[in-house]
Protein chains: 2
Amino acid sequence: MQALVINKGIHFDGKYPQPLPKPGEAVIKTLLGGICATDIELLKGYADFNGVAGHEFVGIVEQADNPALIGKRVVGEINTPCNSCPTCNRGDGNHCPNRLALGIRMQNGVFAERFTLSQANLHLVPDSLSDRQALFTEPLAAALEILSQIHIGPKDSVAILGDGKLGLLIAQVLALTGCDLLLIGRHPERLKLLTRQTVKACSTDQLPKGYSAKIVVECTGNSRGFAQARKLVQPRGCLVLKSSYSENCLVDLSSMVVDEITLIGSRCGPFAAALRLLESGLIETEPLIEAEFSLNQGVEAFETAQQKGTMKVLLRC
Amino acid sequence: MQALVINKGIHFDGKYPQPLPKPGEAVIKTLLGGICATDIELLKGYADFNGVAGHEFVGIVEQADNPALIGKRVVGEINTPCNSCPTCNRGDGNHCPNRLALGIRMQNGVFAERFTLSQANLHLVPDSLSDRQALFTEPLAAALEILSQIHIGPKDSVAILGDGKLGLLIAQVLALTGCDLLLIGRHPERLKLLTRQTVKACSTDQLPKGYSAKIVVECTGNSRGFAQARKLVQPRGCLVLKSSYSENCLVDLSSMVVDEITLIGSRCGPFAAALRLLESGLIETEPLIEAEFSLNQGVEAFETAQQKGTMKVLLRC
């Protein structure tokens, strides 16, 4: 079958072996895949991954033990826990040290004609959602994870640093709380793409003098963003980290003690809630799409996705 | 008057000028002072402080606008806010950017015959408490700050890294929650000093294989402690930082995103609650005292306090 494979760079393979399902896994035909910033970091060596790339998908179940799934359109959670270690027994399978992670860790991904994934990870896509909308379930769930972790109330000041595709999703989600929100990035004009909600935005050099926020979400995707986010957060405030990147950061931990800052790492989130929000029509996704490529144009698609300031690049499989 | 002055090292001065109260300040005669790890860091250049050292004290009010205070035995909060900036207006005077901090920032400290402090910062000491007990109000409040910031329940696993005097206070406070507590340090034999509560303790090399905790409190007082604390905290767990030190730390922020770790800086805490707990008799302080020196032996007292593994050193003024 056709597949996009990470092995010291990204390569198109027209004769990749068909996947073989393990017990409990479904075989899924990929309809649409999305290239995420993590996929780009994998190319640079993050997580030391070799294999079929991709974890954002919409697909059709071709084969499964559960007959109710067959022929259904699905999205899927990326982490498959072992269900038998102490972390799993605490109910935290998403952080199981033995977990598979689709297209990231010990499991081939979705940029192929077919792939396998545990049936327990699948969520049915409502008919009212297009493939292009449903593709955003995974990143929207990651945005919603912030609200699973901390309470953001209507009186809170919140800054989002980074106006990439994840920043624009997070902005739409956090704006629903009624909080005093500011999106800070290099492309504030992008906000004009969003028509259903008005989000205030500015570039770093337009920031009002002395501006600070109680909650700062860092999603610039690079380590310089951390230093900037740290400066913007108020004492006793909360700094939410959404980016993962290869380098370590030099951090002044004493200043975080003196200012009593809370720093919180935030990753994958609730798929069911993301699907509900997409169905509600409150979240716009179409303006976040840069381009759609076919699978055999995958190398070109990755080249586009790697250009600075590119929005979501899709792969039609 | 006699005073211990930080100015490139610590010096005894027998003819230091008497303090002059500003409006709203009381003049306090020091009865007893305590040397804290922060005082030692100040000697190394932390916070760039010159002046009379010390912020832990029990004293007698000699002069004050409020007649009810005069002649009373008091302890006092160390931060004096400006009460007019945006941070103060948010109700967070403890983090006012213009704040004075007793013996740390723009205000002479307590290791002298007399010092001044805002009347608003003072708390009356109940008669049932000795000077030596009341001296622990400030560090006990700092220990209690953890419970102001996060909820620790009886089913939580909690590790405290560092069995210095702050670690032993934190251990006594957190044990009151009924949590599954382990104190990790170099001197587990110290726990035998505490007779009212049984706290489990071990040294780093005695840690059970694979041990981890939901909440890890770092109070080793050095940057190596951070790396060790990070390894012990479970995914989705919380790492509480109580130490401040001069160096920056290299931190793998991406692993904190992947593991969804919460890191929380923790500093000064509630004095009234600390006095209630001391009165209740639940917290032992006497075993935490290393030695008591007179003010004119202050340089020697600092030498003792700087030796590794020393407990609380007191200065009788």
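Residues numbered from 1 in each chain as written. Chains lettered and ligands numbered in written order. Predicted model: local features only at pLDDT ≥ 70, side-chain atom pairs only at ≥ 80, totals over all residues. Heavy atoms only, no water.

Draft legend 1. Spotlight on the overall build of chain A. Scanning chain A for helices and strands turns up nine helices and 19 strands. Taking 2.2 N^0.38 as the reference for a compact globule, 317 residues should give roughly 20 Å; the C-alpha atoms of chain A span a radius of gyration of 20 Å, in line with that estimate. By its C-alpha atoms, chain A is 55 × 45 × 40 Å across when sized along the principal axes. A burial count over chain A gives 59% of its 317 residues as buried. For chain A, contacts bridging at least 24 residues in sequence account for 67% of all contacts bridging at least 6. Just so you have it, chain A exposes about 12900 Å², and 51% of that area is on carbon and sulfur atoms. Here chain A contributes 31 positive and 32 negative side-chain charges, whose respective centroids are spaced 3 Å apart. (Helix = DSSP H or I, 4+ residues; strand = E, 2+ residues; numbered from the N terminus. Rg over C-alpha atoms; globule rule 2.2 N^0.38 Å. Buried < 20%, exposed > 50% of the residue type's maximum accessible area, 1.4 Å probe, protein only. Contact = heavy atoms within 4.5 Å. Areas by Shrake-Rupley, 256 points an atom, 1.4 Å probe, with all protein chains shown as cover. Lys, Arg positive; Asp, Glu negative; His and termini not counted. Charge placed at Lys NZ, Arg CZ, Asp CG, Glu CD.)

Draft legend 2. Region of the structure containing the interface of chain A and chain B. Taken together, the contact between chain A and chain B spans 37 residues of the former and 37 residues of the latter. Roughly 3300 Å² is buried in total at the junction of chain A and chain B, and carbon and sulfur atoms are behind 53% of that figure. Counting the surface chain A buries against chain B, the share from its top three residues, Leu253, Val257 and Glu260 of chain A, is 19%. Arg236 of chain B is the salt-bridge partner of Asp92 of chain A, the closest N and O atoms lying 3.3 Å from each other. Applying the counting criterion to the chain A and chain B interface returns 19 residue pairs in polar contact (both at pLDDT 80 or more). (Buried area = accessible area lost by both parts, 1.4 Å probe. Salt bridge = Lys/Arg side-chain N within 4 Å of Asp/Glu carboxyl O. Polar contact = N/O pair within 3.5 Å; in protein donor to acceptor, adjacent residues only side chain to side chain.)

Draft legend 3. Representation of the sheet that holds strand E2 (residues 10-13) of chain A. Residue and element names in this part refer to chain A. The strand order E2-E1-E4 describes an open sheet built from three strands, whose pairing is antiparallel. Sheet topology places E2 and strand E4 (51-52) at the edges, where each strand pairs with a single neighbour. Pairing between strand E1 (residues 3-6) and E2: four bridges, direction antiparallel. Within the sheet, the bridge partner assigned to Leu4 lies in E2 and is Phe12. (Pairing = 2+ DSSP bridges.)

Draft legend 4. The arrangement of the pairing of strand E19 (residues 312-316) of chain A in detail. Residues and elements named next belong to chain A. Of all five residues that make up E19, four are buried, and the element is covered over most of its length. In this structure, strand E3 (residues 25-35) lies alongside E19, joined through four bridges in antiparallel fashion. For Gly33, the partnering residue across the bridge sits in E19 and is Leu315. Direction of pairing for strand E18 (residues 289-294) relative to E19: parallel, over a ladder of five bridges. Residue Ile289 lies in a different strand from E19, and its bridge partner there is Lys312.

Draft legend 5. Representation of the environment of Arg186 of chain B in the model. Residues and elements named next belong to chain B. Secondary-structure assignment places Arg186 in the loop between strand E12 (180-184) and strand E13 (200-202). For Arg186, a relative accessible area of 61% translates into the label exposed. Dropping the residues within four chain positions of it, Arg186 is found in contact with Asp163 and Arg224.

Draft legend 6. Spotlight on the relation of the copies chain A and chain B. You can overlay chain A on chain B at an RMSD of 0.0 Å; the transform is a turn of 180° with a shift of 0.0 Å along its axis. Here the transformation between the copies is reduced to the relation of a two-fold axis. No C-alpha of chain A lies nearer the rotation axis than that of Leu250 of chain A, which sits 2.1 Å from it. The overlap is high: 100% of the interface residues of chain A also sit at the interface in chain B, so the same surface is used on both sides. (Least-squares fit on C-alpha atoms with pLDDT ≥ 70 in both.)

Draft legend 7. Representation of the domain arrangement of chain A. All names here are of chain A. Partitioning chain A into structural domains gives domain 1 (3-135 + 285-316) and domain 2 (148-265). For domain 1 versus domain 2, the separation of C-alpha centres amounts to 28 Å. Summed over both partners, the interface of domain 1 with domain 2 comes to about 1000 Å²; 59% of that surface belongs to carbon and sulfur atoms. Seen at the junction of domain 1 and domain 2, the total is zero salt bridges. One can count zero residue pairs in polar contact (both at pLDDT 80 or more) joining domain 1 with domain 2. (Domains from an automatic or database assignment.)

Draft legend 8. Structural context of the side chain of Ser266 of chain B. Within the fold, Ser266 of chain B resides in the loop between strand E17 (262-265) and helix H8 (271-280). Judged by relative accessible area, Ser266 of chain B falls into the buried class, the value being 1%. Of the polar contacts made by the side chain of Ser266 of chain B, one reaches the side chain of Lys242 of chain B; its length is 2.9 Å. Beyond its immediate stretch of four places on either side in the chain, Ser266 of chain B contacts Val257 and Glu260 of chain A together with Ala142, Glu145, Ile146, Gln149, Val240, Leu241 and Lys242 of chain B.

Draft legend 9. Molecular detail of the packing of aromatic side chains. Residues and elements named next belong to chain B. Evaluation of the coordinates by the stated rule reveals four aromatic pairs over all chains. Aromatic side chains Phe57 and Phe115 sit 4.7 Å apart centroid to centroid with 75° between the ring planes, which places their arrangement in the edge-to-face category. Residue Phe57 is found in strand E5 (residues 56-63), and its partner Phe115 is found in strand E9 (residues 114-118); the two are separated by 58 residues along the sequence. You'll find Phe57 and Phe115 in the same group, each marked buried. Their ring planes at 75° and their centres at 6.1 Å tell us that Phe111 and Phe302 sit as a pair that is edge-to-face. Of this pair, Phe111 sits in the loop between strand E8 (100-101) and E9 while Phe302 sits in helix H9 (residues 298-306), and the two are 191 residues apart along the sequence. Take Phe111: its relative accessible area is 0%, and that puts it in the buried class. (Phe/Tyr/Trp six-rings, centres within 6.5 Å; stacked < 30°, edge-to-face > 60°.)

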